[in-house]
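Fold and contact review
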Amino acid sequence: MIAEPNSVANLPNHKENGIHDEIAPESTAQDGGCLRNGNARPLKGKRKIREQCENRRKNSSSSKRSNQLQNGEVVEAVTLFEVVIMGKSAMQSVVDDWVEAYKRDRDVALLDLINFFIQCSGCQGMVTAEMFQSVQNCEVMQKMTETFDEETGLQYKKFMAYPWILTVTWPVDMDNEDYPLIKPGPYWKKFRANFCEFIAVLVEQCQYIILYDSYLMDTIISLLTGLADSMVRAFRHTSTLAAMKLLTALVNLHLNLDISKHNLERLYEVEKNRAAGKRTNSRLDQLEKKKKEFEQKYLEMDNMMNAIFKGTFLQRYRDIIPEIRAICIEEMGSWMKMYPDTFLNDSYLKYIGWMLYDKQPEVRLKCLQGLQGIYGQKDLVYKMDLFTSRFKDRIVSMSLDKEHEVAVQAMKLLMLMSQNCEDALSSEDYETLYQFVYTTHRPLATAAGELFYNRLLIQESEMDSFANRNGKWEPVASQLRTLIIFFLESELHSHVTYLVDSLWDWALSVLKDWECMTALLLENTNDHDEALSKAEESALIEIILATIREAAEGHPPAGRAGTRKVLSAKEKKIQVEDCTKITEHFIVVLPQLLAKVSSSCFCRRILNNSVGFQKYPLMPSFFSFQYSTDAEKVTNLLQIPQYFDLELYSTGPLDKHLDTLLKEVEAIVAKHSDTDVLETCSRVYHVLGSEGLAICNKVVAAKTELVDELVNKLNQLLVNSWNEVVLPALQCAYFALLWQLASVVEDTPPKENVSDLKTRLKHLCHICTCYLSHDNRELREKGFAILCDLLMIVSHQDSSDDETVESLDYLPSSSLQTKMIIFIQDHVFTDEEEETKDLTEEEDRKKESQKLDALHLKRCLLAAYCKLIIYNVVEMTSAAEIYKHYMKTYNDFGDIIKETLSRSRHNDKIRSAKTVILCLQQLFQKYVESQDDSASSITSMDVFSVSFVNIKELARRFSLTFGWDQVKSRESVAMIHKEGIEFAFQGAATTEEKSLPPNLNFLVILSEFSNKLLKPDKRLVYSYLQRYIPEPALCKGDSWYSLGWYRTSLLANEEEENSVVSSLNEWPPLNLTSTLA
């Protein structure tokens, strides 16, 4: 609450006095700290002022608020803030009560209104006020500020709200993130609406007399301007919203005033132009007086609007808080739309243009929405020429905004600009915007689809429409031609579903006209200008399939839909009607389309395989392209039956068209060898032959007849060319076993069936093993891949609760594992010899492509075998043969080998470490064996040779795979050192004491792992090394330098060595003791 004003004569020494509200902080209430100039009034005087204030309030109508029911209790709404926050439905009556109170005592009512704005800011502090006197308070005017009072520990703001000087006091810890306008929930959202409505109704009710009394609006504008300049976010936000809504209400009032003034001027002119005898001077004087009153009101209204605009908007439209900036821009857009004569000019438009570059999407969104209201009215667009030329490029670029909603609104604005502004957008702009029909965000794609439909399909198609023999399809055919050309020029053939979905809300008359589409495909015209090209036919078939899918499924395509919405009853009805329409039309037309497309495809296939074309090397490739295009046409057409209402086949005369369709599908299977076409044909039989359909028996009989015919052809092929069918036969046998295995896992078959399945499994594995050494590359690679997959699948069935499944376990024998690793060495890590000859650029590209395909296949084979290692299907030690090639084939297979090493270590640290050291030991032994007889002695072995350095570098690479966590890899590294030390001194006992161990130089390789040991572990490893070292006197000389190298990697100096030797028996037991035992 705000203290009642006291006249300056009644206040001692003209000092500031005030009475705080009951909601003021307790500490403030106790010390009575309501005087800012340091003179506190006596308690008796304070009580007297309080009683005067309360008596005056009791007599005012503002205290007679209606009661509100809240949580079962009747709560009396005492203040305007409480009435608004309770959400009183009749805001008109609330304002009427306040207006009546203002007429009785404007000071009390005005202070109540001031307190309302302060409380709406979330301020729980105290407000004091005093009357402004220009002489006595000139010093106060200069000291108006917002600061922190160290004595009271409170924050306060002193500012002018003419004729008051207000002081707002609040605690320092006032929460900037918790005030009514930003509190979450529907309750506070309703408060915001009520707050804005209150301001609008207040201006409307005061528009006749009170608004122009030079008291109410001056005070309110001064108050809101002062609060908007505060450092406290709550004050700035609330006062800015109030000021902008106040200006909006004044703009609306100004518009009405304009209308009234215009009517009055017309009435005055009529009265003035009357004949002298009929003219009434008193009437003319009244109109003259009223005209002057309107002019005075008009002038005062302009002053109020200018004061709010300059005092609040110009200061806050660049506020650091984006919500405040958004409020300013949003209201600016409404002013321009409501009162374009005043606000729709470049002086105001520049603010919206500047804020289009704001960093916050909320502000950019308000700018675009405001501009939509302007560009949407054609009679206002002529004032936007300069703005359009200056900011058009920015608006176009905002269609790429990272915030989807901003991009959508930008596209909608561009749509309005294209409709109402001639030549606002260039052809390059349109080409850029049309491509948004392919975006994955559906609202943006739909907005772009509206622009595409209105600008390209309607306008340009009307200009470029071609004459069709069937006149009723002329406009639709023209639009389809335009759509096809756009689709082909976009070169995004896999995105036709996105294109159709973008246009679905706007071009249904075109997209659902399947009769026109099929007529264009079936027409046989001799005019090549009117006929569709092969590429256009293929595009049109894709569009037909996409429209059928969208109509039948009733939801957007995958990748764009998000969460699927539940169809309403109306949408479901439309979906059923579309399915019926699709079925009735394509049951008749589809066989004709298939006959036309597949026949042309078959002719090209014959020409492509004919011997005569060997004379013309360029023609086969051309026809091969055409054949592949026609195969895509057939595949797309064959997908249409899955969207049929198949029950219609059994009704009326449509049954005969089923036989025609089945014959066409059978002919396609006989003509085509394309995998996609054959797979789609199998789906057609599956859909048409579903159980429960009346046509099921007929479809099954046709399918059985087709299978019998294919089996007969297969038997003939088996007799004539065995090698051509082995590869698909292996694949079919593999898939058949997988299906049988799936049935065993899901059901509980008899043991005899399981035994037969296991026999077939072993037999297929044996066949694949035999083909590992076959001369045909494709056969041996397919056999190896199937073998790896079968071993992986069978060995990892969940057999914990099923003895039947457990009996299928099949682990490869040692001989099979050997054959598989030999296959990897011979066919994966071995490069094929290349013929060196001059090649043309095209042949070189083709060869590079073949190399990449071969490398991809090798990677697949290696990955399949490495999975067997990781999942313990084969022995982990077999990985040593793969690790040997880590350095040599790093670019091609390094990632696979590294991942195998990592996964194996995760499964079993010790076995993985033994495999790594085994790999290095085998490489070292191979290196030793490769030395000449003269170098067979360990003393003459060259440890600086390329081969030895490569082994050492491989060891370093292996050590890097352990990472930086030495504790995690402690046991693995210790095991590597243990195995390495034993290998280095292997065979030393059989030689003379003075002879060197044959593998002593292996310690140089082993030293690459020393940096992965913890310091205590280095001492432990050194103690283990001491067991194998003979007398120190015998271990000196250049021949023992490998031992010195290794010891140096473990111990830094001789003192450390002596300390280790002297305390070998004193070290505490470690976890590694068992590893090095």
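Residues numbered from 1 in each chain as written. Predicted model: local features only at pLDDT ≥ 70, side-chain atom pairs only at ≥ 80, totals over all residues. Heavy atoms only, no water.

The chain appears in an unreviewed UniProt entry as Cohesin subunit SA from Anolis carolinensis. Quoted verbatim from the Subunit (unreviewed entry) field of the UniProt record, the comment on the chain reads "Part of the cohesin complex which is composed of a heterodimer between a SMC1 protein (SMC1A or SMC1B) and SMC3, which are attached via their hinge domain, and RAD21 which link them at their heads, and one STAG protein." Here is the UniProt Function (unreviewed entry) comment for the chain, exactly as written: "Component of cohesin complex, a complex required for the cohesion of sister chromatids after DNA replication. The cohesin complex apparently forms a large proteinaceous ring within which sister chromatids can be trapped. At anaphase, the complex is cleaved and dissociates from chromatin, allowing sister chromatids to segregate." (UniProt positions renumbered as here; feature names shortened; annotations may be inferred.)

**Overview of the overall build of the chain**
Along the backbone of the chain there are 43 helices and six strands. At a minimum sequence separation of 6, the contacts of the chain that also span at least 24 residues come to 73%. Carbon together with sulfur atoms contributes 50% to the accessible area of the chain, which is approximately 55700 Å² in total. (Helix = DSSP H or I, 4+ residues; strand = E, 2+ residues; numbered from the N terminus. Contact = heavy atoms within 4.5 Å. Areas by Shrake-Rupley, 256 points an atom, 1.4 Å probe, with all protein chains shown as cover.)

**A few points about the environment of Pro997**
Position of Pro997 relative to the elements: it lies in the loop between helix 39 (970-984) and helix 40 (1002-1006). A relative accessible area of 3% places Pro997 in the buried class. In sequence terms Pro997 and Phe985 are 12 residues apart; their C-alpha atoms lie 5.4 Å from each other. (Buried < 20%, exposed > 50% of the residue type's maximum accessible area, 1.4 Å probe, protein only.)

**With respect to the layout of surface pockets**
The calculated volume of the largest pocket comes to roughly 1100 Å³. Forming the walls of the largest pocket are 25 residues, and the residues nearest its centre are Leu678, Leu710, Leu714, Pro728 and Cys732. Those elements that provide at least two residues to the lining of the largest pocket are helix 26 (655-671), helix 27 (675-688), helix 28 (696-720) and helix 29 (723-746). Tallying contributions element by element places helix 28 first for the lining of the largest pocket, with nine residues. For the lining of the largest pocket, the per-class residue count stands at 17 nonpolar, five polar and three charged. (1 Å grid on protein atoms, 1.4 Å probe; cavity = no way out; pocket = protein on both sides within 12 Å on 5 of 7 lines; lining within 4 Å. Points joined across faces, edges and corners; volume = space filled by probe spheres on them. Nonpolar A, V, L, I, M, F, W, Y, C, P; charged D, E, K, R; others polar.)

**Comments concerning the state of the cysteines**
In total, this model carries zero disulfides according to the counting rule given. With no disulfide of its own, Cys788 lies 9.6 Å from the sulfur of Cys866, the closest cysteine sulfur. (Disulfide = S-S within 2.5 Å.)

**Some details on unusual backbone geometry**
Backbone geometry at Ser214 places phi at a positive 60°, although glycine is not the residue there. Looking at the secondary structure, you find Ser214 in the loop between helix 7 (186-205) and helix 8 (216-228). A positive phi angle, near 60°, is found at Asp423, a position not held by glycine. A relative accessible area of 74% places Asp423 in the exposed class.

**Some points on the nonpolar core**
In terms of nonpolar packing, the biggest core is built from 202 residues, with Leu113 and Phe198 touching the most fellow members. Counting residues per element, this core draws most heavily on helix 9 (residues 233-272), at 15 residues. Those residues in contact with Phe198 that lie beyond four places of it in its chain are Leu80, Val84, Met91, Val94, Val95, Leu113 and Phe116. One finds Val754, Cys765, Phe924 and Val973 within the second-largest nonpolar core, a separate group that totals 90 residues. (Core = buried A, V, L, I, M, F, W, Y, C linked by side-chain atoms within 4.5 Å.)

**Here's the deal with the side chain of Asp501**
Locating Asp501 in the fold gives a position in helix 20 (residues 496-503). Setting aside residues up to four positions removed in sequence, Asp501 forms contacts with Arg442, Glu550, Pro556, Pro557 and Arg560.

**Quick notes on the side chain of Glu979**
With respect to the helices, strands and loops of the structure, Glu979 is situated in helix 39. Apart from the residues within four sequence positions on either side, Glu979 is in contact with Lys914, Ile917 and Gln921.

**Some remarks on the packing of aromatic side chains**
Overall, the coordinates contain 41 aromatic pairs when judged by the stated rule. Aromatic pair Phe117 and Phe195: ring centres 6.3 Å apart, planes at 85°, arrangement edge-to-face. Taken together, the residues span a long stretch of sequence, with Phe117 in helix 5 (residues 106-120) and Phe195 in helix 7 at a distance of 78 residues. This pair shows no difference in class: Phe117 is buried, exactly as Phe195 is. Cluster of aromatic residues (ring-pair linked, three or more members): Phe81, Phe116, Phe117, Tyr187, Trp188, Phe191, Phe195 and Phe198. (Phe/Tyr/Trp six-rings, centres within 6.5 Å; stacked < 30°, edge-to-face > 60°.)

**A few points about the packing of helix 4 (residues 91-104) against helix 5**
Helix-helix packing: each pair is described by the crossing angle between the helix axes and the interaxial distance. At a closest axis distance of 6 Å, the pairing of helix 4 and helix 5 adopts a crossing angle of 140°. By the angle between their directions, the pair helix 4 and helix 5 is classed as oblique. Seen from helix 4, the contacting residues are Trp98, Ala101, Tyr102 and Arg104; seen from helix 5, they are Arg106, Ala109, Leu110 and Leu113. Class assignment of the residues belonging to the contact of helix 4 with helix 5 gives a composition of six nonpolar, no polar and two charged. (Axes fitted to C-alpha atoms, helices over the stretch in contact; angles between N-to-C directions. Parallel < 35°, antiparallel > 145°, perpendicular 65-115°, else oblique.)

**Observations regarding a negative patch on the surface**
A cluster of like negative charges, contributed by Glu428, Glu431, Glu489 and Glu491, occupies part of the molecular surface. Mapped onto the secondary structure, Glu431 falls in helix 17 (residues 427-434). (Patch = residues over 30% accessible without salt bridge, like charges linked within 9 Å, V, L, I, M, F, W, Y side chains within 5 Å. Salt bridge = Lys/Arg side-chain N within 4 Å of Asp/Glu carboxyl O. Lys, Arg positive; Asp, Glu negative; His and termini not counted. Charge placed at Lys NZ, Arg CZ, Asp CG, Glu CD.)

**Some remarks on the confidence of the model for the chain**
Confidence along the chain averages 79 in pLDDT terms, with 75% of residues attaining 70 or more. The element-level mean pLDDT for the chain is lowest in helix 1 (residues 26-31), coming to 33, with helix 14 (residues 361-375) highest at 96. Contacts for the low-pLDDT stretch residues 1-77, under 50 throughout, to residues beyond four places or in other chains number 128 contacts. Below pLDDT 50 for its whole length, residues 933-937 participates in three contacts with residues either more than four positions away or in separate chains. (pLDDT = per-residue confidence, 0-100.)

**Focus: the pattern of salt bridges**
Considering all chains together, one arrives at 30 salt bridges under this definition. Notably, a salt bridge pairs Arg957 with Glu953, separated by 3.5 Å at the nearest N-O pair. Taken together, the residues span about one helical turn, with Arg957 and Glu953 both in helix 38 (residues 946-960) at a distance of four residues. We classify Glu953 as partly exposed; its relative accessible area is 22%. Each of the salt bridges in this network shares a partner with another, and the network as a whole consists of Arg442, Asp501, Asp505 and Arg560.

**So, the packing of helix 41 (residues 1015-1026) against helix 42 (residues 1041-1050)**
Axis separation between helix 41 and helix 42 bottoms out at 9 Å; the angle between their running directions is 155°. Classified by the angle their axes make, helix 41 and helix 42 are roughly antiparallel. Touching Lys1018, Val1021, Tyr1022 and Leu1025 of helix 41 are Leu1043, Tyr1046, Arg1047, Ser1049 and Leu1050, all from helix 42. Considered class by class, the residues forming the contact of helix 41 with helix 42 number six nonpolar, one polar and two charged.

**Side note on a nonpolar patch on the surface**
On the surface, a cluster of nonpolar side chains totalling about 380 Å² of accessible area is made up of Leu714, Leu717, Leu718 and Trp722. Within the element layout of this structure, Leu717 appears in helix 28. We classify Leu717 as partly exposed; its relative accessible area is 42%.

**Brief notes about helix 8**
For helix 8, spanning 13 residues, the distance from its first C-alpha to its last is 18 Å, which sits close to the expected 18 Å at 1.5 Å a residue. Of all the 13 residues making up helix 8, 10 are buried; the element is thus mostly covered by neighbouring parts of the structure. Buried within helix 8 are the following residues: Leu216, Met217, Thr219, Ile220, Ile221, Leu223, Leu224, Gly226, Leu227 and Ala228. (Expected span 1.5 Å × (residues − 1).)

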